[in-house]
Structure formats: structure tokens, C-alpha cells
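Per-entry structural report
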Amino acid sequence: MSDDYEPQSAVAKWIDKRLPIITLFSGHLMQFPTPKNLNYWWTFGGILTFCLITQIITGLVLAMHYIADANLAFASVEHIMRDVNYGWLLRYIHANGASMFFIAVYLHMARSLFYGSYKEPRELIWIIGVFIFLLMIATAFMGYVLPWGQMSFWGATVITNLFSAIPFFGEAITNWLWGDYSVSGALLTRFFTLHYLMPFLIFGLVILHIWALHVPGNNNPEGIDVVKGQDTVPFHPHYVVKDVLALVVFMIVFAGFVFFSPNILGHSDNYIQANPLQTPEHIVPEWYFLPFYAILRAIPDKLGGVIAMVSAIAILAFIPWLDSSKVRSCKYRPLYRQFYWLLIADFILLGYLGSQSATGIYLILGRLATLYYFLHFILVMPLIGFIEKPKPLPKSISEPVLSKEEQLAKSGQTA
Amino acid sequence: MKRINIFALMITFLFTTSFAFAEGEMHAPMEPDWSFQGPLGKFDRAELQRGFQVYTEVCASCHSMDLVSYRNLVQEGGPEFSEKQAKAMAAMFEVEAGPDADGEMFMRPAILSDKFVSPWKNEQEGRISNGGAYPPDLSVMVKARSGGADYVYSLLLGYEDEAPEGVTLDDGVYYNIYAKNQKIAMPQVIYEDGVEYTDGTMATEVQMAKDVTAFLAWSAEPKLEERKRIGFKVLVYLIILSFLLYFTNKRIWRDTSH
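Definitions and limits used
- Residues numbered from 1 in each chain as written.
- Chains lettered and ligands numbered in written order.
- Predicted model: local features only at pLDDT ≥ 70, side-chain atom pairs only at ≥ 80, totals over all residues.
- Heavy atoms only, no water.
- pLDDT = per-residue confidence, 0-100.
- Contact = heavy atoms within 4.5 Å.
- Core = buried A, V, L, I, M, F, W, Y, C linked by side-chain atoms within 4.5 Å.
- Buried < 20%, exposed > 50% of the residue type's maximum accessible area, 1.4 Å probe, protein only.
- Helix = DSSP H or I, 4+ residues; strand = E, 2+ residues; numbered from the N terminus.
- Polar contact = N/O pair within 3.5 Å; in protein donor to acceptor, adjacent residues only side chain to side chain.
- Buried area = accessible area lost by both parts, 1.4 Å probe.
- Salt bridge = Lys/Arg side-chain N within 4 Å of Asp/Glu carboxyl O.
- Nonpolar A, V, L, I, M, F, W, Y, C, P; charged D, E, K, R; others polar.

Examining the confidence of the model for chain B
- Chain-level statistics for chain B give a pLDDT mean of 90 and a share of 90% at 70 or above.
- pLDDT under 50 marks residues 1-24 of chain B. Its contacts with residues more than four places away, or in other chains, come to 57 contacts.

Take a look at the structure:
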């Protein structure tokens, strides 16, 4: 950073001398040298920050009107929808925002997997990311319980019951979680408390995530290190504007859901108030949990299913060491790239199977898809690094760019 | 006993999950044209007003609408009755109020700020009057059923006088082709000329079912018109902004080979 920020005004100088916060923001949000070849898959970091802040702000206002009481929760949500100024807008943004958050996080993770962003020296960024994902799952699940509809209640019943699979202490732990002998208002109140707390924990982890990112700097589509200043551009305005452009396109999709089909991602049963005496015919989790739900059901044993589901997330944290290849980007990994797309297809298939009844062919497919999910990480990833002959890497980020231009120039000459 | 229930639940959860309509036990509902469907759809005021009449004269003898107030009938985007009309409609019902200065509860006519008065004192009374099946609250019914307005409309019209051969119906159970397993505890309530519309519209079965379903769609989503109106502006704004950003971005990256 040759053009380091120097405070100009007297006030800025006074503040910055005592707390160099202006220098910090200037260095990390303005001048930060960023590889110049990042594509649009790199815009999801900014989009996710937007999602988190949107959820926190809308959630804060919703919490001013929501009542975490088993007898009042459902009506208080409808009060928000009917009587609070723009309450319907806040709630629909918050509910659909959860789905948009997960769409963005899945794409963000898929990008990281494709371009090897989890590899040395960025392992910790990835691992912090896995913890953020885990907290997101917990937060989203608890949030879905709060309207106290039928799916809220029975989803909470099923998921909290998974803890009873723990040997010896299962029942005690489950009762402790419930604060009762069944799912009741006691659980609703503590879920509300935790649902309010967790986004701030996520926020803290996001700061660590970005801090850890700003030590080595961004990975890039070539997956090679930055070698000279020519390879980078300052974050502002190049990536600020590019990120905002992607964000606005993302917001168009978001607004499409919020304003024109706000309930399409939810389940109609959640507009029926929770009734402990009436089990819904089908208890389905939110769409973003379906792949993990399919893994849970693929194992014919309750404890085994729970272990498989938890492992499916936990295994992600070990990817930096499971992948034996030194080459980061799949652009230069002809063999692994095919398995990468197989994994993506496998995950989508699991999501579909999670929405179907686990019988017959669906159950068999579910088991095969679960098997591949784990094999991919514990077998395919370590082995391919040894077998595969990667394509030659460019010498620098600027090199493939220049050669492309040269090609253009050449083709211009021949034409 | 509790353990068994939870176990049974787990089994249900693990092995039977799928979306409704998936198992062929229900007929796909009819799909009439709704004025409020589509990105620019709005409610038809006259239809909502007729629908309110059908609700009041037919449905309301068994079904409550706890989440809707009489004042909502006046609000923009709804049936938009005049305040005078809505006050008169509210005043036809009595609600318990109090306690007064002597500590006594008393009855007074309902006013605009009151919720729709329920036909039952409590759920138990509703149950015992209906053979044990409590008629569900209709406030958000259209959003609480897969299939939405199409389903509610079809269900109202799906009754057949006689069950096909081989189907036995218990007492208090009726045959309806759009109900789950074609069985439902609600009898047919929509009959031709079941109401006399104040606006002179012919009260055919189809007309009544459509009107009351539109009314229920409004009660489930009273801010639908405002939502679509704002949504349209938001989309226009975002799309224009995205074009501006696209060209800004292009300009900024103009001198960088990448």
C-alpha cells in the first residue's frame, strides 16, 4: 500500500492519532489490494454481510412487537402482519431473508470449494466459515419455531428429540433443553432468547472471518498467489462498485420473493397455530435443511442418523487437510473438477430426496447419495491429489490476462 | 405412553415426509381466475363485499375469524365499506366488556376496534355443537392450506350427494372430492340462493363460493395490494439502479486488463 491514507482534517487527525480507526477502515475497505481477476462468484461475501445486517435490523424491529409466549406468539405475528406499520414488510423480509441468506452461503461455499479457497494459507478463514454456517443453521431453526405454527412446533419437537439419541444422558439432556417434559412455552422463550443472541455471535465470527481473510488476501480464479502490484487493484472503487452491482441484482431476486410470492418458500401448515394434540401429516424442514435431513433419514438407526447428519457438517472443517492437491483452482484440475460437479449434483439430489418420503427408490437413492457425500471428502479428495496431473499454472495473475489480450490482438490481425 | 408417542412421531417423521398432493389422495383443485392473482392483481371491492355477506350469513354461524376487526372492513385494500356501514355491522353483535365501577361485567354492542365476534363462547362449545370437530378459525385459512384460494373454492363446491359405491361414510362425515381422502366433517353449506345479494348479483353456487373465497383471501393477506404496489416500485428502482451500476462498474474497470 504505497498510497497509505493520511488524515487531512484537524478532526480526523485528532481521532486517528488516538484511535487509528480511520486508517484501519481506509486500509481494509478502500486501498486493500485485491486480485484484479475476481469474478462474480466473489461477490457473495459482500452479499452475505448485507443479509446478516438485514436480518439483524428487521429482527430487532420484529422483536419489539413479537411476544414469546405459547398462547400469544401466533397472534402477535399476525398482529405484526396486520396492525404494525409495514410489519408485513419487515416479517416477509426477515422470513425470506433467511432463505436468501442460505442461497448466498451455499453459493459462497461452492465457490470456495471450486477455487480451493480453503487451502493453505486460508484454512482458518474456511474453518471460521464452517462455524458461521453451523450458527446460521441453529439460528434459522430457532427462528422458524418462533411463529409457533404447526411446523414450528412439530419441527422443534422432532429436532429436539434428536438429542434423546445420545446414549445414557439423552433423555435428561432433552428435558433440560425443553425446560419441561415436552415442547412447550418454556422452549419457545429460550429459543427466542438464543435466536436473538446468535446473530451477534455470527457477526463476531464474520469480523474474524474478514480479519483472517485480510492477512493473506483474497484467493482468485487462477488459484495462484499475487506476485506483483500489477496483479491487484485497490478494493475501492473497483470491488466496492462490482460488489454493489451484484448486491443490487441479488436484491431484485430477494424483492421478487418478498413482494410477489412471500410464502412460496414456507409451509402452509405454519399458518395454523401450534397444536400439541394434532400431529401434521408431513413434518418438513425448511428447504435449506433438506440435504442434511436426507442424510439423517438415510441411516436406519436414530443415533446413527444423528451422527451422520452432524458429521456431514463437521467434516467440512477438515477439508483443508483432506485435499492433498497443492493446486487450488479447479480450472487447473481436470480430474477433480468432474468430481466437484458430481458433489454439487449429489448435494442437490440430497435436497430433493429430503423433500420426498424416504421409501422405496427414494430411500435407496438417499443412501447412495449420502454415501457419495462422505466418500467425496474422505476418499476422493485425498486420492485425486496423488493421481491427478494438473494443467500448467500461469506464472502470474497478469499472465493469462495478457495472453488473452494478445490472442485478441492476433485474431484482430489475421481477420 | 409418552415415549411411545414420541417414537411413533419419529417414525412418521423419518419415513413419511413428503409434500401434500404427492400421494394422489387429493384431487388437484380447480383454478378459477382470481382478480388478486399475478404481480399486478388487486381485490375486487364488490366481490369482497359480497364475500363478506356470504361469510356473515353462512360461514359465521360456525367459524370464527379471531384475527380480523370490524375496522379492517373500512381499510384501504379491503372490502372498503363506509365507516357508517362497518359500524352498523359491528353493532349487530354484542361483546362482553367491563368490569364497570361496581365490578360487574356487562354486554355492549361491538364497535369498530373489536375483533369479529366468535359464534362460540370457547372451543369446547364449538366442539360439542359440531359433533366433536371444531370448525377452524378462518382468518388465515387461505394461507394455511396448500393450494390456497383454489383449494378453499374447490372444497366449497366439491360436495357430492352420494358417495361412490364402496365408500362408507361415518355419521357426520361428508363426501367431498377435494377433501383429503374425499371425507370431510363439514356439510355442504353453499347452495343456490343461499344468500340474497344486496347488489342484485345472482347467488349461484359458483358465485357464492368465489366471492367468499376472495373475502377469505383478503382476510388472510389484508396488505396484498399495498405489498404489490410497493413491490412494483421497488423493482423498478432496483432495475434502474442495476443498469446505472453496470455502466459505472464498466467505466471503473475500463483501464484495468482483467
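Some details on the nonpolar core
- Phe-102, Phe-133, Phe-292, Tyr-373 and Phe-377 of chain A are the most contacted members of the largest nonpolar core, which has 125 residues in total.
- Of the residues forming this core, the biggest block, 17 residues, is contributed by helix α5 (residues 87-115) of chain A.
- In this structure, Met-141, Phe-215, Ala-220 and Leu-224 of chain B belong to the second largest nonpolar core, which totals 50 residues.

A closer look at the side chain of Thr-213 of chain B
Residues and elements named next belong to chain B.
- Within the fold, Thr-213 resides in helix α6 (residues 205-220).
- Within polar-contact distance, the side chain of Thr-213 engages the backbone oxygen of Ala-209 at 2.6 Å.
- What Thr-213 contacts, discounting residues up to four positions off in sequence, is Trp-34, Val-142, Ala-149, Val-152, Tyr-153 and Leu-156.

Quick look at helix α11 (residues 290-298) of chain A
- Where burial is concerned, most of α11 of chain A is hidden: nine out of the nine residues are buried.
- When α11 of chain A is considered as a whole, its buried residues turn out to be Leu-290, Pro-291, Phe-292, Tyr-293, Ala-294, Ile-295, Leu-296, Arg-297 and Ala-298 of chain A.

Section: unusual backbone geometry
- Put simply, His-236 of chain A and Pro-237 of chain A share a cis peptide bond, and its omega is 5°.
- Within the secondary structure, Pro-237 of chain A is located in helix α10 (residues 235-260).
- Even without a glycine there, the phi angle at Asn-181 of chain B is positive, about 55°.
- A positive phi is found at Gln-182 of chain B, a non-glycine position, where the angle reads about 60°.
- For Gln-182 of chain B, the position within the fold is in the loop between β3 (174-175) and β4 (183-184).

Some details on the interface of chain B and chain A
- Each partner contributes residues to the interface: chain B has 54 residues there, and chain A has 60 residues.
- Taking both partners together, chain B and chain A bury about 5,000 Å²; carbon and sulfur atoms supply 67% of that area.
- Where chain B touches chain A, the interface holds one salt bridge.
- Summed over the shared surface of chain B and chain A, the result is eleven residue pairs in polar contact (both at pLDDT 80 or more).
- Secondary structure elements with two or more residues in the side of chain B that touches chain A: α1 (2-15), α6 and α7 (224-252) of chain B.
- Broken down by class, the residue content of the side of chain B that touches chain A amounts to 26 nonpolar, 14 polar and 14 charged.

Some remarks on the pattern of salt bridges
- In this structure the tally under the stated criterion is 19 salt bridges over all chains.
- Between Lys-210 of chain B and Glu-47 of chain B there is a salt bridge, with its nearest N and O atoms 3.5 Å apart. You can see Lys-210 of chain B sitting in helix α6 and its partner Glu-47 of chain B sitting in helix α2 (residues 45-57), a full 163 residues away along the chain.
- Among the salt bridges present, the one from Glu-123 of chain B reaches Arg-127 of chain B, with a minimum N-O distance of 2.8 Å. Here Glu-123 of chain B pairs with Arg-127 of chain B, and both are found in helix α4 (residues 123-128), just four residues apart, close to one helical turn.
- Classification of Glu-123 of chain B by relative accessible area gives partly exposed; the value is 38%.
- Classification of Arg-127 of chain B as partly exposed rests on a relative accessible area of 34%.
- In this structure, a network of salt bridges that share partners links the residues Lys-119, Asp-323, Arg-333 and Glu-388 of chain A.

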